[in-house]
Amino acid sequence: MSTRRAVLNCFRRHQRFVLTTHIKPDGDALGSQLALRRLLQKMGHDVYLINSDPPPSNLTWMPGIEQVEVFNGALAQRERIDQADVICVLDTNALDRLGDLAPAVEASRARKLLIDHHTAPEDWFDLQYVRDTASSTGELVYELVCAVDPNLIDHELATALYVAIMTDTGSFRFNTVTPTVHRIVADLLERGGLSTEAIHSAIFDTRTPESMRLLGLALRNLQLRYDGKVAYMVLSRRMFNETGASTEDTEGFINHLLSIRGVRVALLFTEIEKGVKISFRSKGDYHVNEWARAFGGGGHRNAAGAFVENAALDALVDAVLAAAPRYLPQLETPSAGNASGTLSSEDASYLSALLHQKSQASSTAS
Ligand SMILES: [Mn+2]
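Observations concerning the overall build of the protein
Next, step 1: Regarding its fold elements, the protein presents 14 helices and 12 strands.
Next, step 2: Taking 2.2 N^0.38 as the reference for a compact globule, 366 residues should give roughly 21 Å; the C-alpha atoms of the protein span a radius of gyration of 21 Å, in line with that estimate.
Next, step 3: Projected onto the principal axes, the alpha-carbon positions of the protein cover approximately 65 × 45 × 45 Å.
Next, step 4: Counting across all 366 residues of the protein, residues that qualify as buried make up 39%.
Next, step 5: Intrachain contacts of the protein at a sequence separation of at least 6 include 66% that bridge at least 24 residues.

Looking at unusual backbone geometry
Next, step 1: Positioned with a positive phi, A120 is a non-glycine residue whose angle comes to about 55°.
Next, step 2: Tracing the sequence through the fold places A120 in the loop between β5 (111–116) and β6 (127–130).
Next, step 3: Residues other than glycine seldom take positive phi values, yet S171 does so here, at roughly 55°.
Next, step 4: Position of S171 among the secondary structure elements: in the loop between α6 (155–168) and α7 (179–192).
Next, step 5: Residue S171 is classed as partly exposed on the basis of its C-beta count, with 14 C-beta atoms lying within 10 Å.

Quick notes on helix α5 (residues 137–148)
Next, step 1: With 12 residues, α5 extends 17 Å from end C-alpha to end C-alpha; this agrees with the ideal 16 Å at 1.5 Å per step.
Next, step 2: Buried within α5 are the following residues: T137, G138, E139, L140, V141, Y142 and V145.
Next, step 3: For α5, the elements touching its buried residues are α2 (27–42), β4 (86–90), β5, β6, α6 and α7.

Describing the domain arrangement of the protein
Next, step 1: Examined at the domain level, the protein breaks down into domain 1 (3–204) and domain 2 (209–365).
Next, step 2: Every contact between the two is made by five residues of domain 1 and, on the other side, five residues of domain 2.
Next, step 3: By residue class, the composition of the side of domain 1 that touches domain 2 is two nonpolar, three polar and no charged.

Focus on the sheet that holds strand β2 (residues 46–51)
Next, step 1: Ordered by their spatial adjacency, six strands build an open sheet running β3-β2-β1-β4-β5-β6, and the pairing between neighbours is parallel. Strands with a single pairing partner mark the edges of an open sheet, and in this sheet they are β3 (68–70) and β6. Ignoring which end each strand starts from, the neighbouring axes of this sheet average 25° apart.
Next, step 2: Here five bridges tie β4 to β5, and the two strands are oriented parallel to one another. Bridge assignment links C88 to a residue of β5, and that residue is L113.
Next, step 3: Where α5 meets the sheet, it contacts β4, β5 and β6, and its direction lies at approximately 115° from that of β5.

Rules used throughout
- Residues numbered from 1 in each chain as written.
- Predicted model: local features only at pLDDT ≥ 70, side-chain atom pairs only at ≥ 80, totals over all residues.
- Helix = DSSP H or I, 4+ residues; strand = E, 2+ residues; numbered from the N terminus.
- Rg over C-alpha atoms; globule rule 2.2 N^0.38 Å.
- Buried ≥ 20, exposed ≤ 12 C-beta atoms within 10 Å, placed from the backbone.
- Contact = placed C-beta atoms within 7 Å.
- Expected span 1.5 Å × (residues − 1).
- Domains from an automatic or database assignment.
- Nonpolar A, V, L, I, M, F, W, Y, C, P; charged D, E, K, R; others polar.
- Pairing = 2+ DSSP bridges.
- Axes fitted to C-alpha atoms, helices over the stretch in contact; angles between N-to-C directions.

This is the structure:
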């Protein structure tokens, strides 16, 4: 039995569904969740949406989003999770990405279904519908919707899937965008009667003046390394204080680096209260997921992230940049001089101290 068939059987056989997604849900997370809800409701099921975090402000207009509850630990919420027949996890394959919901999901006797496009799924799912080459989780949900009945795609479902696919492909520019992705989108536009300009504007034309001022500061101090192939920016606490910007205001900053001529890899270091967030983006065969993994994170080949607790900003920036050629041998050029693949002993001991700390923290957390 194919996996798609198994998932369809699961949809048909069960009644009570809980749909959830990752912390800080993005367009693909919420779009997939809302689209799958629409499908399951049209199949006559009881569907409950719950996440650990609220939607970002630029997605609160999405049809049906008011149905998504934010987990607050209430008994009623726990009961619905516990009494579900199926818990479907969308757009993440790791328990710790479910945030505060993780213990309730783990404890529930419900069947656990994974629909996702990230690499290396964890092994606690009963059923998986995954493909790490898919552009988005939305693309996978579209396949499932069509396998049930493409005529179920209405305006609300089409909007949700369009948002999912459009946001996760950088508005159809990443190399995950195949002819099939465009055919899917064409089908969504047709069946849903969508107005693409209004959707783009609602999602992207939402910058605050504080965000633009922070971007200005960051761009003034952008740095290039490895023959101009790697660009990075640092957002320190001081810069946030100076501009009054918040971390939500940094959305999309990293793309400015990738728009510089010759840049193949972009890094954004964001200093937050408990540590430093590192975002990795790249083009083509410059794969950054293993590099991010070395710092306790992970993700896709061209888009990954890591979070390093209690890190000193400058030292971490140096350690991450020094580690680059280990994961990207293409960066090594004959003229690279001291940009060798080995870390300096100072950076290496800093890195190993951080990662040791990290693994201790995660082993005591479980
Ligand atoms: Mn996604």
